[in-house]
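Below are the chains, spelled out letter by letter.
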Amino acid sequence: MQHLKPEGNLHFFVSGTGGKVRRIRRGPRSLFAKSALGFAVLEADGSSLKMTFVDKTLQPLYEYMLKK
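Residues numbered from 1 in each chain as written. Predicted model: local features only at pLDDT ≥ 70, side-chain atom pairs only at ≥ 80, totals over all residues. Heavy atoms only, no water.

Visitor: Explain the pairing of strand S6 (residues 60–67) here, please?
Guide: Along any regular strand the residues' side chains alternate between the sheet's two faces. Note: strand S5 (residues 48–55) against S6, 7 bridges, orientation antiparallel. From the neighbouring strand, Thr 52 faces S6, where its bridge partner is Glu 63. Here S5 hands over to S6 after 4 residues, with Leu 58 in that stretch at a positive phi of 70°. (Pairing = 2+ DSSP bridges. Helix = DSSP H or I, 4+ residues; strand = E, 2+ residues; numbered from the N terminus.)

Visitor: Explanation requested: the side chain of Asp 55 in the structure shown.
Guide: You can see Asp 55 is positioned in strand S5. Buried charge without a partner: Asp 55 forms no salt bridge, and the closest opposite charge is Lys 34, 7.3 Å away. The residues touching Asp 55, leaving out its near neighbours within four places in the chain, are Leu 37, Gly 38, Phe 39 and Leu 61. (Buried < 20%, exposed > 50% of the residue type's maximum accessible area, 1.4 Å probe, protein only. Lys, Arg positive; Asp, Glu negative; His and termini not counted. Salt bridge = Lys/Arg side-chain N within 4 Å of Asp/Glu carboxyl O. Contact = heavy atoms within 4.5 Å.)

Visitor: I'm lost on the sheet that holds S6 in this one. Help?
Guide: Within a beta sheet, neighbouring strands are joined by backbone hydrogen bonds and run either parallel or antiparallel to one another. With respect to topology, 3 strands assemble into an open sheet ordered S4-S5-S6, the strand pairing being antiparallel. Every interior strand has two partners, whereas the edge strands, strand S4 (38–44) and S6, have only one. Pairs of neighbouring strands in the sheet enclose a mean axial angle of 10°, with direction left out of account. (Axes fitted to C-alpha atoms, helices over the stretch in contact; angles between N-to-C directions.)

Visitor: Explanation requested: the sheet that holds strand S2 (residues 10–14) in the structure shown.
Guide: Taken in spatial order, the 3 strands line up as S2-S1-S3 in an open sheet, and their pairing is antiparallel. Looking at which strands have only one partner, the edges of the open sheet turn out to be S2 and strand S3 (30–33). Pairwise comparison of adjacent strand axes, ignoring direction, gives a mean angle of 15° for this sheet. Where strand S1 (residues 2–7) and S2 come together, 4 bridges link them in antiparallel fashion. Residue pairing for S2: His 3 is matched across the bridge by Phe 13.

Visitor: Can you walk me through the nonpolar core in this structure?
Guide: Nonpolar side chains in soluble globular proteins generally cluster together in the buried interior. Met 1, Phe 32, Met 51, Phe 53 and Tyr 62 form the largest nonpolar core, which has 5 residues in total. In this view, Met 51 contacts Phe 13, Ala 40, Val 41, Leu 42, Tyr 62, Glu 63 and Tyr 64; residues no more than four positions away in its chain are not counted. (Core = buried A, V, L, I, M, F, W, Y, C linked by side-chain atoms within 4.5 Å.)

Visitor: Help me out: how do you make sense of the packing of aromatic side chains in this one?
Guide: Given two aromatic rings, their pairing is described by the distance between the two centres and the angle made by the two planes. Applying the stated criterion across every chain, the model contains 4 aromatic pairs. Grouped by ring-pair contacts, the aromatic residues Phe 32, Phe 53 and Tyr 62 constitute a single cluster. (Phe/Tyr/Trp six-rings, centres within 6.5 Å; stacked < 30°, edge-to-face > 60°.)

Visitor: Looking at this model, I keep getting lost on the side chain of His 3. Mind explaining?
Guide: By the element assignment, His 3 lies in strand S1. Those residues in contact with His 3 that sit more than four places away from it in its chain are His 11, Phe 12, Phe 13, Arg 29, Ser 30, Leu 31, Phe 32, Phe 53, Tyr 62 and Tyr 64.

So, in structure tokens, the structure goes:
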């Protein structure tokens, strides 16, 4: 699970755990990086987008809100 620094107005969120926890290293563009079993939830309306990484126990690991 990663959130990389945006390029211009484009944010990069990666949710690809693949069913196995692996060692992950934060890179220079990493705002968040964690290897965990879980998933991403996107909530959007006309004025915002909220992205949440959630672990297998349903606990939020990271949240980020983008406003229009």
